[in-house]
Number of protein chains: 2
Amino acid sequence: MNTPLEGVTILDFTTALAGPYCTLLLAGLGARVIKIENPRSPDTARGNSPYLGADGLKAVRDRDDDVSLAMLERGRNKWAVTLDLKHPAAGAVFADLVQKADAIVENFSAGTADRIGIGYAQASALNPRLVYTSISGFGADAQGSSQNKAMDTIVQALSGLMLTSGHPGDPPVRVGVPFGDLAAPLFATIGTLAALMQARATGRGQQVDVSLLGALSALVACEPFDAMQRTGQAARTGNAVPRLGAFGVFACADGHVSICAPTDAFTAGLFAAMGQGDLITDTRFASRDQRVANSPELYALIEAWTTRNATDDVVRALEAQGVPAAPVRNPAEAMRDPRLLRRGETVRLAHPVHGDVGEVHAGGLPIRMSASQVGFDAPPPGLGEHNNAVYGQLLGYSAEKLQALRDQGVI
Amino acid sequence: MNTPLEGVTILDFTTALAGPYCTLLLAGLGARVIKIENPRSPDTARGNSPYLGADGLKAVRDRDDDVSLAMLERGRNKWAVTLDLKHPAAGAVFADLVQKADAIVENFSAGTADRIGIGYAQASALNPRLVYTSISGFGADAQGSSQNKAMDTIVQALSGLMLTSGHPGDPPVRVGVPFGDLAAPLFATIGTLAALMQARATGRGQQVDVSLLGALSALVACEPFDAMQRTGQAARTGNAVPRLGAFGVFACADGHVSICAPTDAFTAGLFAAMGQGDLITDTRFASRDQRVANSPELYALIEAWTTRNATDDVVRALEAQGVPAAPVRNPAEAMRDPRLLRRGETVRLAHPVHGDVGEVHAGGLPIRMSASQVGFDAPPPGLGEHNNAVYGQLLGYSAEKLQALRDQGVI
């Protein structure tokens, strides 16, 4: 066994970001993830700009084999079959699939899966060992207006995240990375794996229910913003954390540097790098409490040094003193970090036909396992690419039956 | 079996936030997590302000039974034993523990665990089935200055996260929620569960290696900032997403509202809520492309409406039209959302002695499982609280041996 999830089959009824990211992680761990799409209205992610084609990256699709980045990224290592769930003959096909599956992952709005006949009750009646993971905006039990589709910006607003960056009184800060979409699939993956372990031990599956709002709120709540505020500490402190002393982001001549010097030893190193080693004996800065009390002067002194120097020089001087420091990079630089690429934490995307074109990077599976082959190494499937493999080989449908399903528009 | 990880024993050699959050999640799924602390220098999280005591929340510890919020939150559902790993007699105790364990989770700096005799090679020689999860700043294989301790602000800077919020040319934006610390434990939990599944199937454990920088960078790379920029789309767009039409955060008379109206139907609902339903036939706003082209006028019209009205009224008017909308809440409000509390996604913290005092909230386990009792329901252990249960009952040490270990300062 070369992957942790070898032999695990997962039916993937997800679209957008949250659901497909969950099944991408499961595929990266070795599960056979079968993405199910309506033959006449495929996943809209296939039509999202930008695209990658033989001639590289482009905003508009103009060739048949151009593939959207959304699909190139989140379709990796998955299989794809077609099935029109609204067709009267689809129920029998769904039942056959469920009996071969270990888990379903879906991210319909609350209530929709039940209505179209593929809900938890229906699926578990067909296969009691099945793990059924539901990712929704506000929970599988949501009622009324809470059933509405949640979007990342809604979830960020409700979770408190937008009022943790910046300073008190500033407008909210929408975070560019869609954590409102990305927190839930991580918890849903954890829940799916845990339920698979339990199903292997007991023979019984169950529903795993993760909400976008709950997942992000639980992470926001890890930092005691409320308790800090109630005990007299500021909750929004912008780019610095003055309660830790010299700690935060500072402008350089050509960019910004992050410096973390919460201890006396790090602060001594920082002052030495600044060429002002004596400051560590200055009564204003000799202890953390003093540095906190005099943080405006401390920060002004640091920034007077950083703004006169290039970011790389500042980082080098601090590293030489053993002080944690780093340049502030943009996503394009970060993704190309050789250390991340070597570890597979970011990867260069391959086009299914044209291979390594366009120099496009994406996230990898940031989990290294010493005895398993994990990660995303296969390009995304075309629409219905695995119909024969799944319906023919896995379910054992005859060539005639397959053709009939095609002719009737079921698949 | 009432929990997915019943019967799983995990040795927890973690401190700070990333490591303890990983083992907290595993404890919430039912694993027996045994936290190991030096008897003379316990986890510094026990000494972090703020605290909770009989008399409620406080910045300064002034009673023996005051407990830090950090421990109250991240110590939930864990056991605690003492062991001085530097004591010559500790190796034999460690060996006995490892033989009873299914997994170790540690977040020492790269190389440290090997040096103190509890590294992967040493542990797996004692128990080949053991899963050994390492959480570090830059990876278990880091060399030289990369071995330095990573802190959330460093990881945020290097990952690209800080240059995804705000507008082009703005300074970097440090995000208040420490995603630099929180991404890695989620992936480490996924990796640990996957490796436990594989170990159950094959009888062989392995090392799971997750870095703070890799984990956060992989999430940042989920959004194609670089490709958007290269194809002419802005990557930093502040509180709005103009490429989706009316989509973002708007000021109200008394706060801010998040509105997501990317489709024609949602936009028609938005204009109706504004009392200007005719605008949907206006050539400036009739299609997404037109709305994108005229987004400054569109946003000005929306904000002219929202700034005249209270947030709650704006949200109500939009909900009546089926338009996704929500108030921007602060973390204190978010944690107290009855919907989150009912689902256990946020919870009220209990003091180990005084119970429900101080009205302090924290994150729950945002995974609901229909057939399992999961979540955080037990207060944190005191230092060495489970020495008898672990050394006496689990390892079978005699009372005399336990006393000798205590007398020698081993435990």
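About the criteria used
Sequence order sets the numbering: in each chain, residues are counted from 1 along the sequence as written. By the order in which they are written, chains take letters starting at A while ligands take numbers starting at 1. Local features are withheld for residues below a pLDDT of 70 in this predicted model, meaning they are given only at 70 or higher, and side-chain atom pairs are given and counted only at 80 or more; totals for whole chains, interfaces and linings count all residues. To obtain the side-chain values, all non-hydrogen atoms of the structure were used and water was disregarded. As annotated, the domain borders come from an automatic or database domain assignment. The way it works is that DSSP assigns letters per residue, a run of H or I at least four long becomes a helix, a run of E at least two long becomes a strand, and they are numbered from the N terminus. A simple rule labels every residue: compare its accessible area, found with a 1.4 Å probe on the protein chains alone, to the largest value its type can have, and call it buried under 20%, exposed over 50%, or partly exposed in between. Copy-to-copy superposition: least squares on the C-alpha atoms, limited to residues that have pLDDT of at least 70 in both copies. Residues count as neighbours in contact if any of their non-hydrogen atoms are within 4.5 Å of one another. In protein, a polar contact means a hydrogen-donor-capable atom and an acceptor-capable atom, both N or O and within 3.5 Å, with residues adjacent in sequence counting only if both atoms are side-chain atoms; elsewhere, any N or O pair within 3.5 Å suffices. Paired strands, as defined in this entry, are two strands with at least two bridges between them according to DSSP. Under this scheme, a helix contributes an axis fitted over its contacting stretch, all axes are lines through C-alpha atoms, and angles between N-to-C directions fall in the 0 to 180 degree range. Put simply, a nonpolar core is a bunch of buried Ala, Val, Leu, Ile, Met, Phe, Trp, Tyr and Cys residues held in one set by side-chain atoms that sit within 4.5 Å of each other. Here, a salt bridge means any side-chain nitrogen of Lys or Arg that lies within 4 Å of a carboxyl oxygen of Asp or Glu. In short, buried area is how much 1.4 Å probe accessible area vanishes from two parts on joining, totalled over both. Each residue receives one of three labels: charged for Asp, Glu, Lys and Arg, nonpolar for Ala, Val, Leu, Ile, Met, Phe, Trp, Tyr, Cys and Pro, and polar for the others, Gly being one of them. For this analysis, a ring pair means two rings from Phe, Tyr or Trp (six-membered ring only for Trp) whose centres lie within 6.5 Å, classed as stacked if their planes differ by under 30 degrees, edge-to-face if by over 60, and tilted for the remaining angles. The rule for a charge over a ring is simple: NZ of Lys or CZ of Arg within 6 Å of the ring centre, and within 35 degrees of the ring normal.

### Some remarks on the domain arrangement of chain A
For chain A, the assigned domains read domain 1 (9-219 + 339-407) and domain 2 (242-251 + 256-327). On a C-alpha basis, the centroid separation for the pair domain 1 of chain A and domain 2 of chain A is 45 Å.

### Re unusual backbone geometry
A cis geometry characterises the amide bond from Ser49 of chain A onward to Pro50 of chain A, with omega recorded as 0°. Within the fold, Pro50 of chain A resides in the loop between β2 (32-37) and β3 (51-53). The backbone of Glu359 of chain B sits at a positive phi, close to 50°, despite the residue not being glycine. Looking at where Glu359 of chain B falls in the secondary structure, it is placed in the loop between β13 (346-348) and β14 (361-363). Owing to a relative accessible area of 28%, Glu359 of chain B belongs among the partly exposed residues under this scheme.

### Description of the relation of the copies chain B and chain A
Mapping chain B onto chain A leaves a residual RMSD of 0.0 Å; the transformation is a rotation of 180° accompanied by 0.0 Å of translation along its axis. Here the transformation between the copies is reduced to the relation of a two-fold axis. No C-alpha of chain B lies nearer the rotation axis than that of Ile190 of chain B, which sits 2.7 Å from it. Comparing interface residues between copies, 100% of those in chain B also sit at the interface in chain A, which points to an isologous, same-surface contact.

### Some words on the side chain of Ser136 of chain A
All names here are of chain A. Considering the arrangement of structural elements, one finds Ser136 in strand β8 (residues 131-136). A polar side-chain atom of Ser136 sits 3.5 Å from the main-chain amide nitrogen of Ala140. The residues touching Ser136, leaving out its near neighbours within four places in the chain, are Phe108, Val210, Ser211 and Leu212.

### Considerations on the sheet that holds β8 of chain A
Paired through backbone hydrogen bonds, the strands of a sheet run either parallel or antiparallel to each other. Strand order across the open sheet formed by seven strands is β6(A)-β2(A)-β1(A)-β7(A)-β8(A)-β9(A)-β15(B), with mixed pairing between neighbours. With partners counted over all chains shown, the strands left at the sheet margins are β6 (78-82) of chain A together with β15 (368-369) of chain B, one partner each. The sheet contact formed by strand β7 (residues 103-106) of chain A and β8 of chain A spans four bridges and is parallel. Paired with Ile104 of chain A across the bridge in β8 of chain A is Tyr132 of chain A. The strands touched by helix α1 (residues 18-28) of chain A are β1 (9-13), β2, β6, β7 and β8 of chain A; relative to β6 of chain A, the strand with the most contacts, the crossing angle is about 125°. Packed onto the sheet, helix α16 (residues 387-394) of chain A meets β2 and β6 of chain A and runs at close to 80° relative to β6 of chain A.

### Quick word on the side chain of Asn38 of chain B
Residues and elements named next belong to chain B. Along the polypeptide, Asn38 turns up in the loop between β2 (32-37) and β3 (51-53). Within polar-contact distance, the side chain of Asn38 engages the backbone nitrogen of Arg40 at 2.8 Å. There is a polar contact of 3.4 Å between the side chain of Asn38 and the side chain of Asp84.

### Quick look at the nonpolar core
Within the largest apolar cluster, 174 residues are counted, with the highest numbers of intra-cluster contacts made by Tyr21, Phe179 and Phe187 of chain A together with Tyr21, Phe179 and Phe187 of chain B. Once residues lying within four places of it in the same chain are set aside, the contact partners of Phe179 of chain A are Asp152, Gln156, Leu161 and Leu216 of chain A together with Leu161, Phe179, Leu216 and Leu219 of chain B.

### Quick look at the sheet that holds β3 of chain B
All names here are of chain B. Strand order in the open sheet formed by three strands is β4-β3-β5, with antiparallel pairing between adjacent strands. Each edge of the open sheet is held by one strand with a lone partner, namely β4 (56-58) and β5 (67-68). Bridge analysis of β3 against β5 gives two bridges, and the strand direction is antiparallel. In the strand pairing of β5, Leu52 is matched with Val67.

### A word on the pattern of salt bridges
One pass over the full model with this rule turns up 54 salt bridges over all chains. Here Glu345 of chain A makes a salt bridge to Arg343 of chain A, at a shortest N to O gap of 2.9 Å. Here Asp356 of chain B and Arg348 of chain B are joined by a salt bridge, their closest N and O atoms 2.9 Å apart. Through salt bridges with shared partners, a single network forms among Asp141 and Asp209 of chain A together with Arg342, Arg343, Glu345 and Arg368 of chain B.

### Here we look at the interface of chain B and chain A
Opposite the 131 residues of chain B that make contact, chain A presents 131 residues. Roughly 10,600 Å² is buried in total at the junction of chain B and chain A, and carbon and sulfur atoms are behind 66% of that figure. When the area that chain B buries against chain A is broken down by residue, the three leading residues are Arg174, Ile190 and Met197 of chain B, summing to 7%. Between the two partners, chain B and chain A, sit twelve salt bridges. Across the pair Arg343 of chain B and Asp209 of chain A runs a salt bridge whose closest N-O atoms are separated by 2.9 Å. For the pair chain B and chain A, the interface holds 42 residue pairs in polar contact (both at pLDDT 80 or more). No other element matches helix α7 (residues 179-202) of chain B, which puts 16 residues into the side of chain B that touches chain A. Partitioned by chemical class, the residues of the side of chain B that touches chain A number 74 nonpolar, 36 polar and 21 charged. Where strand β15 (residues 368-369) of chain A lies against strand β9 (residues 207-211) of chain B, two bridges are found, and the strand directions are antiparallel. What sits directly across from Arg368 of chain A, in β9 of chain B, is Asp209 of chain B.

### Considerations on the packing of aromatic side chains
Residue and element names in this part refer to chain A. Applying the stated criterion to the full structure yields eleven aromatic pairs over all chains. Centroid distance Phe271 to Phe285: 5.9 Å. Interplanar angle 50°. Geometry classified as tilted. Of the two residues, Phe271 is situated in helix α10 (residues 264-273) and Phe285 in the loop between α10 and α11 (288-293); the sequence distance between them amounts to 14 residues. The cationic tip of Lys401 hangs over the ring face of Tyr397; the distance from NZ or CZ to the ring centre is 4.0 Å.

### Some words on helix α16 (residues 387-394) of chain B
Residue and element names in this part refer to chain B. Summarising burial for α16: six of the eight residues are buried, a large majority. Regarding α16, the residues found buried are Asn387, Ala389, Val390, Tyr391, Gly392 and Leu394. Where α16 is buried, its residues meet β2, β6 (78-82), α3 (90-100) and α17 (399-407). Downstream of α16 by a residue or two, Gly396 has a phi angle that is positive, lying close to 80°.

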